[in-house]
Structures are given as C-alpha cells and as structure tokens.
Amino acid sequence: MEIVKFDKYYSKLKSKKFTTIRNHYKNIKLGYIVECRVTSKNGREDIIFHARLRKIKVQSFWLIDNEILAKDLDLHYDPVEMYVCLDDAVEAMREYYPDFKGDDNVFIYYFERE
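This text gives an overview of the structure that appears in the document. (Residues numbered from 1 in each chain as written. Predicted model: local features only at pLDDT ≥ 70, side-chain atom pairs only at ≥ 80, totals over all residues. Heavy atoms only, no water.)

Points about the overall build of the protein
Helix and strand content of the protein: 2 helices and 5 strands. Ordered by position in the sequence, the α and β elements of the protein form the string β-β-β-β-α-α-β. Principal axes of the C-alpha set define a box for the protein whose edges measure 35 × 30 × 30 Å. By residue count, 39% of the 114 residues in the protein fall in the buried class. Within the protein, contacts between residues separated by at least 24 positions form 67% of all contacts whose residues are at least 6 apart in sequence. (Helix = DSSP H or I, 4+ residues; strand = E, 2+ residues; numbered from the N terminus. Buried < 20%, exposed > 50% of the residue type's maximum accessible area, 1.4 Å probe, protein only. Contact = heavy atoms within 4.5 Å.)

Digging into the packing of aromatic side chains
Counted according to the given criterion, the structure contains 8 aromatic pairs. Aromatic pair Phe 6 and Phe 18: ring centres 6.3 Å apart, planes at 65°, arrangement edge-to-face. Of the two residues, Phe 6 sits in strand S1 (residues 3–6) while Phe 18 sits in strand S2 (residues 17–22), which places them 12 residues apart along the sequence. Residue Phe 18 is classed as buried on the basis of its relative accessible area, which comes to 4%. (Phe/Tyr/Trp six-rings, centres within 6.5 Å; stacked < 30°, edge-to-face > 60°.)

Focus: the pattern of salt bridges
Tallied over the entire structure, the rule returns 8 salt bridges. Bridged by salt links that share partners, the residues Lys 16, Arg 54 and Glu 112 form one connected network. (Salt bridge = Lys/Arg side-chain N within 4 Å of Asp/Glu carboxyl O.)

Quick look at the nonpolar core
If you look at the biggest cluster of nonpolar residues, it comprises 17 residues, and the most contacted ones within it are Ile 21, Phe 61, Ile 64, Leu 69, Met 93 and Val 106. Going through the elements one at a time, helix H1 (66–73), helix H2 (86–94) and strand S5 (105–113) are the ones with two or more residues in this core. Listed in part, the 15 residues of the second largest apolar core include Leu 13, Ile 28, Val 38 and Leu 53. (Core = buried A, V, L, I, M, F, W, Y, C linked by side-chain atoms within 4.5 Å.)

A short note on a nonpolar patch on the surface
The grouping of Trp 62, Leu 63 and Leu 86 at the surface amounts to a nonpolar patch, some 310 Å² of accessible area in total. Of note, Trp 62 is situated in the loop between strand S4 (45–60) and H1. (Patch = residues over 30% accessible without salt bridge, like charges linked within 9 Å, V, L, I, M, F, W, Y side chains within 5 Å. Areas by Shrake-Rupley, 256 points an atom, 1.4 Å probe, with all protein chains shown as cover.)

Set out below in structure tokens:
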C-alpha cells in the first residue's frame, strides 16, 4: 500500500474529500487506496486514515483554483473576493520544495476517505 505523508494535521484532512498539491509524481494508480500519515509532535508517524485516489491533475501552480490553494496550503481565503495571495502560496510550497517557483507545474491529487 502506498503512503501519503503530511507534516501536520491540516483541517482539510477532516473532510471526506480533500486534495494535496505535490511538485512530484507519486506512483499511485487511480482507484487505489493509500495510507495517510501525519507526523506527530514526538516524531513518530501516526496512521490516521485510508483514502482512495479519485483523480490526478497536472497544472501550472498559478492556475490552481484559489479555494484549493487555501485549503491545501492552510492559507487565508477571502470567500467574498475569492482571493489567495499567490506570493503566500509560493512561500508555503517552498517550505517543502525550496526551489519551487510559481509557474512550476504541480500534481494535484484528489482523495476520498474510506
């Protein structure tokens, strides 16, 4: 079983359906179930749930829907203006991928909790 790791328990992980943005391809086939893990405070990895991969989308980062960016990167989202600061989003991605640029293509993985 493939493993998808998260460095903290993001609020998106409470939803039945959620996404994760990665700058690399994970070899997971559509329909497969993965083990989702969050690193706990003491450094152990705790399995929290299983999820099925429903969709993979390759897209330029700056074209990603603002709502997905906000949920995935845990950023402020103004629902009235429907706006996320792209500079904040790029900085959030650089926490994981130091050489990341706003015009890079990324993989958006769409999961559904089992």
